[in-house]
Amino acid sequence: MNSLLILSPQLSPRLRYVCEVIFKNILSLDFDITTDTAKYQNHQGLKLRYLPQSQIVFEDNIHPQDENQILNDKVALAFYLLSNYEEYLPDCPRDQHQRIVHEKSFVVRHHLEKTPTVHNIALKYKELLSKQQADFQWRESQYRFLPTFDVDIAYAYKGKSFFHFCGALAKACLCFHKSQIKNILQARHHDDFDDPYDGYDQEKELCERNHLKPIYFMLTSRRTRYDRNISPKSAHFSALIDKLKSFSTIGLHTSYYSNNQEDIIYQKNKLEKISGLKVNYSRQHFLKEKMPETFQNLISTGISDDFSLGFYDRIGFRNGMALPYPFFDLSQNKTTTLTIHPLLFMDSAAFSGDITFEQYENNLNELLAEVKKVGGEMVALWHNNFMPQGSQKWEIFLSSFNKML
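What this report covers is the structure whose coordinates are included nearby. (Residues numbered from 1 in each chain as written. Predicted model: local features only at pLDDT ≥ 70, side-chain atom pairs only at ≥ 80, totals over all residues. Heavy atoms only, no water.)

1. What about the overall build of the chain?
- A count of helical and extended segments in the chain gives 15 helices and 12 strands.
- Radius of gyration (C-alpha) of the chain: 23 Å, near the 22 Å computed for a compact globule of 405 residues.
- Out of the 405 residues in the chain, the part that is buried amounts to 54%.
- A sequence separation of at least 24 residues applies to 74% of the contacts in the chain between residues at least 6 apart.
- On the chain, roughly 18600 Å² of surface is accessible, and the fraction owed to carbon and sulfur atoms is 49%.
- For the chain, the separation between the mean place of its 47 positive charges and that of its 48 negative charges on side chains is 3 Å. (Helix = DSSP H or I, 4+ residues; strand = E, 2+ residues; numbered from the N terminus. Rg over C-alpha atoms; globule rule 2.2 N^0.38 Å. Buried < 20%, exposed > 50% of the residue type's maximum accessible area, 1.4 Å probe, protein only. Contact = heavy atoms within 4.5 Å. Areas by Shrake-Rupley, 256 points an atom, 1.4 Å probe, with all protein chains shown as cover. Lys, Arg positive; Asp, Glu negative; His and termini not counted. Charge placed at Lys NZ, Arg CZ, Asp CG, Glu CD.)

2. Describing the environment of F217
- Within the secondary structure, F217 is located in strand β5 (residues 215-218).
- The class for F217 is buried, based on a relative accessible area of 0%.
- As for F217 and T148, which are separated by 69 residues in sequence, their C-alpha atoms are 7.6 Å apart.
- Excluding residues that lie within four positions of it along the chain, F217 makes contacts with T148, F149, D150, V151, G251, L252, H253, Y281, S282, R283 and F307.

3. Section: the sheet that holds strand β3 (residues 46-49)
- The three strands are arranged β2-β1-β3 in an open sheet whose pairing can be described as parallel. Every other strand in the sheet has two partners, leaving β2 (31-34) and β3 as the edge strands with one partner each. With strand direction ignored, the average angle separating the axes of adjacent strands in the sheet is 20°.
- As paired elements, strand β1 (residues 4-7) and β3 share four bridges and run parallel to each other. (Pairing = 2+ DSSP bridges. Axes fitted to C-alpha atoms, helices over the stretch in contact; angles between N-to-C directions.)

4. Looking at the sheet that holds strand β12 (residues 377-382)
- If you walk across this open sheet you meet the nine strands as β9-β10-β8-β7-β6-β5-β4-β12-β11, and the pairing is mixed. A single partner strand is all that each edge strand has here, and the edge strands are β9 (325-329) and β11 (345-346).
- Relative to strand β6 (residues 249-254), β5 runs parallel, the two sharing four bridges. The residue bridging Y216 from the neighbouring strand is I250, located in β6.
- Packed on one face of the sheet, helix α1 (residues 13-26) meets β9 and β10 (334-340) and runs near 170° to β9.

5. Structural notes on the side chain of E86
- Tracing the chain through its elements places E86 in the loop between α4 (74-82) and α5 (106-109).
- Here E86 is buried and forms no salt bridge, its nearest opposite-charge partner R109 lying at an N-O distance of 4.5 Å.
- Discounting chain neighbours no more than four positions away, the residues touching E86 are Y80, C92, I100, S105, F106 and V107. (Salt bridge = Lys/Arg side-chain N within 4 Å of Asp/Glu carboxyl O.)

6. Topic: helix α14 (residues 357-373)
- With 17 residues, α14 extends 24 Å from end C-alpha to end C-alpha; this agrees with the ideal 24 Å at 1.5 Å per step.
- For α14, every residue scored as buried is listed here: Y360, E361, L364, L367, L368, E370 and V371.
- In this structure, the buried side of α14 is in contact with β11, α13 (347-350), β12 and α15 (392-404).
- G375, located one to two residues past α14, shows a positive phi value of around 65°. (Expected span 1.5 Å × (residues − 1).)

7. Some details on the pattern of salt bridges
- In the structure shown here, the tally under the stated rule is 18 salt bridges.
- Two residues, K126 and E140, come together in a salt bridge whose shortest N-O distance is 2.8 Å. In this pair, K126 sits in helix α6 (residues 117-132) while E140 sits in the loop between α6 and β4 (144-151), placing the two residues 14 residues apart along the sequence.
- Here K126 falls in the buried class, since its relative accessible area comes to 16%.
- One salt bridge connects R318 with E289, and the closest N-O pair in it is separated by 2.8 Å. Of this pair, R318 sits in the loop between β8 (305-306) and β9 while E289 sits in the loop between β7 (281-284) and α12 (293-300); the two residues are 29 residues apart in sequence, bridging distant segments of the chain. There is no split in this pair, since R318 and E289 are both buried.
- Connected through shared salt-bridge partners, R16, D32 and K39 make up one network.

8. A look at the environment of H97
- Residue placement: H97 occurs in the loop between α4 and α5.
- According to the relative accessible area criterion, H97 is buried, its value standing at 7%.
- Distance in space between the C-alpha atoms of H97 and Y256 is 9.0 Å, their sequence separation being 159 residues.
- Not counting the four nearest positions on each side in its chain, H97 is found in contact with Y226, Y256, F286 and K288.

9. What about the nonpolar core?
- Core analysis: the largest hydrophobic core is formed by 100 residues, its most contacted members being F23, M218, F345 and W382.
- In this view, F345 contacts I315, A350, Y360, L364, L367, M378, V379, A380, L381, W382 and M404; residues no more than four positions away in its chain are not counted.
- Counting 11 residues, the second largest nonpolar core, distinct from the first, contains F307, M346, V379 and L381. (Core = buried A, V, L, I, M, F, W, Y, C linked by side-chain atoms within 4.5 Å.)

Structure, rendered in structure tokens:
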């Protein structure tokens, strides 16, 4: 492969990282960086000169940046997005779950969420390089679709502990919800009860028919206000794991309160014991993360791939990427072993606000067109409890799944 030589005024870990993503990950191009002008001039292959407008990729500290400089420097802009730079700043706006407020984020304020910005930067460089060697053979990335599911609440009625069964029954009786009372009792006493959240067989058939291997992220924590899955100790949970692992990859859905290494290790070990599998993938419950501690904890517990970085209130490109890329830890100023898979679509986010079905369809079509244009990985997320069988949202899921194919 003809390698690229980049002339830069300085060398730095940040510059090498962002070049790795742009040229290696996206353009499949080997590269080297030099500060030697004579070496650059004598280079016979592809070459680029980097003339920085911002110093962000040469720094080793973290501080508020001049956004105009960032926007006018393609390399700086790519690094700012890929590194989640603004989330390290103390005045980063956060919601009640301590997530970045996307409405006030850099990517939304500058209207970058609807396009894969880092890919587009790479394509601009590809255009420049093609003028140097018109016959250069580029390796084109092919569009692919990766369906994923978060099992927040495995079943609506099945699998409840005796304590929660009694509580649910009492609440239904007090509210005179006859249909709920009937469902609660039938689920308790009939193994063949058709639970509305139990779409797993249909999902299996859909994925196997289309030769797809989905990922199911399983919540295994103790029950809390925000973690409300059935007990991982239950027979229903074990049976579900056995079913899912026959056609999918099992990942860990770290709990809402898993803010330290010990909690993640405990939940990961529990899932590995139940499934009999090594668990390498994770996604944060509520897409709740803190930079860089969350990802440092994941790395230390043996997680190799994370699927959490996406919007919780819209669909689109949170980091300007539609392909997996390495996580850069700004606090240590280094590239890590953790691979980030950008989350581009989530069912509840796609319906956020007072959106109409027509708007939903248009947004999805626009997103898919952008992902296909750059040969990206369409990582989509659904929740069985958000789209019960027989509901309109279940039909929308089936339609959306087929579009993504």
